[in-house]
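# Notes for the structure review
What follows is the residue order along each chain.
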Amino acid sequence: MSENAGEKKIEDLPGVGPATADKLREAGYEDLMAIAVASPKDLSEATDIGEGIAIKIIQAARREADVGGFETGDVLLDRRKQIGHLTSGSKALDELLGGGFETQSITEMYGEFGSGKTQIAHQLCVNVQRAKSENGLGGHALYIDTENTFRPERIIQMAEGLGMDQTEVLSKIHVARAYNSNHQTMLVEKAAEVAKEFPIRLIVVDSLTAHFRAEYVGRGTLADRQQKLNKHMHDLLRIGGLNNAVIAVTNQVSVKPDAFFGDPTRPIGGHIVGHTATFRMYLRKSKGGKRIARLIDSPHLPEGEAVFSVLEQGITD
Ligand code: GTP
Ligand code: MG
């Protein structure tokens, strides 16, 4: 995507005066790119402008922001070459993922309570700060916490386990609590701002789906929920791409009461989450405090399983 998207302001678009610009910003459309990829309906609802005008504004933003659409193979190859891998702390788990958590894509971890999703998320926040030679990405972490389960005390234990300075480690993790699904999606916009100031190489959303699940109940609300989740995930992907960052999200499982055969646990969010996440990992508890991770539907990796442990000093084999 083009650099000059940031240079022009949304006021420079035809039809956008100061009042409309304020409304757009309030609704989270802070730059030309955000408007360029918006739907006319969303834009018009968020700002009380007619859909016809919204279409014109979006078209103008597309021209200015140079959303392009097509990229040549060599440019794509160049971006692919930038892809990095972040260690989980467990060799077996890294191997399952083809070398660790991949940048520029979303890795989803789903599983029942206590299966280790939040523990891995914490560990990634520590590991991302390590040098590339130690399978880190030499950057900061951003953590969107929807369940109030981020624990600095746990980070300290993990940092100590690796002999790292705990104060420094904590200072490179930017945590925000999300109070509802709207707030959660807004925090992704905020994340883009933080990423301008700090080298964010990991974005965690723990949990991706809990607020959506709690707020959208009943059949009639499902389409709306899926659409918002879809947009949320694509916003995350965009930031992950722009910053060459790992996106790690967690997801709960719903036990289907009528699932008599096979595995009765299913991730929340259905096919939307499944199709947007590049890697899906199913975590479950095993004997003696061990955990088993299974890779589900990966485009270029074989399905398989890995065993890892959660110890006081963090995630290991
Ligand atoms: P939900 O968010 O409830 O869906 O679960 P989760 O998958 O996020 O679970 P989480 O990652 O929080 O795992 C919690 C489990 O990790 C605990 O039940 C412990 O088994 C383990 N754990 C957490 N801290 C420690 C620790 O300091 N030492 C050890 N040995 N295990 C720990
Ligand atoms: Mg958790």
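Please read all numbers here as calculations on a predicted model, not as lab measurements.

Taken as a whole, the second largest pocket holds about 290 Å³ of empty space. Per-element tally for the lining of the second largest pocket: the top contributor is strand β13 (residues 314-316), with three residues. Of the residues assigned to the lining of the second largest pocket, the class counts are three nonpolar, ten polar and four charged.

With that out of the way, let us pick up the pairing of strand β11 (residues 290-296). Among the seven residues of β11, five are classified as buried, and the element is accordingly described as predominantly covered. Bridge count between strand β10 (residues 279-285) and β11: six bridges; the pairing is antiparallel. Across the sheet, residue Arg284 finds its bridge partner in β11, namely Ile292. Turn length for the β10-β11 hairpin, with the two strands adjacent in sequence and antiparallel, is four residues, and the turn residue Gly288 shows positive phi of about 60°.

Let us look at the sheet that holds strand β6 (residues 200-206). Strand order across the open sheet formed by nine strands is β5-β4-β6-β7-β3-β10-β11-β12-β13, with mixed pairing between neighbours. Either end of the sheet is taken by a strand with one partner, and the two such strands are β5 (173-177) and β13. Strand-to-strand twist of the sheet, defined as the mean angle between neighbouring strand axes without regard to direction, takes the value 25°. With four bridges connecting them, β6 and strand β7 (residues 246-251) associate as parallel partners. Looking at the pairing, Val205 lines up with Val249 of β7. In the packing of helix α10 (residues 181-197) onto the sheet, contacts are made with β4 (140-145), β5 and β6, and the angle to β4 comes to roughly 165°.

Right, let's talk about the site of ligand 1 for a bit. Not every one of the 16 residues close to ligand 1 is listed here, only the nearest: Gly114, Lys117, Thr118, Gln119 and Arg291. Taking Gln119, its main chain carries an N or O atom lying 2.9 Å from an oxygen atom of ligand 1. Contact distances for ligand 1 include 3.0 Å between an oxygen atom and a side-chain N or O atom of Arg291. Isolated, ligand 1 exposes 670 Å² of accessible area, and the fraction of that covered by the protein chains is 64%. Broken down by secondary-structure element, the contributors of at least two residues to the shell around ligand 1 are α7 (117-127), α8 (152-161) and β12 (304-311). For the shell around ligand 1, the class distribution of residues is three nonpolar, seven polar and six charged.

What follows concerns the domain arrangement of the protein. Split by domain assignment, the protein resolves into domain 1 (10-65) and domain 2 (80-316). Spacing between the C-alpha centres of domain 1 and domain 2 amounts to 32 Å.

Cut-offs and rules
- Residues numbered from 1 in each chain as written.
- Chains lettered and ligands numbered in written order.
- Predicted model: local features only at pLDDT ≥ 70, side-chain atom pairs only at ≥ 80, totals over all residues.
- Heavy atoms only, no water.
- 1 Å grid on protein atoms, 1.4 Å probe; cavity = no way out; pocket = protein on both sides within 12 Å on 5 of 7 lines; lining within 4 Å.
- Points joined across faces, edges and corners; volume = space filled by probe spheres on them.
- Helix = DSSP H or I, 4+ residues; strand = E, 2+ residues; numbered from the N terminus.
- Nonpolar A, V, L, I, M, F, W, Y, C, P; charged D, E, K, R; others polar.
- Buried < 20%, exposed > 50% of the residue type's maximum accessible area, 1.4 Å probe, protein only.
- Pairing = 2+ DSSP bridges.
- Axes fitted to C-alpha atoms, helices over the stretch in contact; angles between N-to-C directions.
- Contact = heavy atoms within 4.5 Å.
- Near = heavy atom within 4 Å.
- Polar contact = N/O pair within 3.5 Å; in protein donor to acceptor, adjacent residues only side chain to side chain.
- Areas by Shrake-Rupley, 256 points an atom, 1.4 Å probe, with all protein chains shown as cover.
- Domains from an automatic or database assignment.

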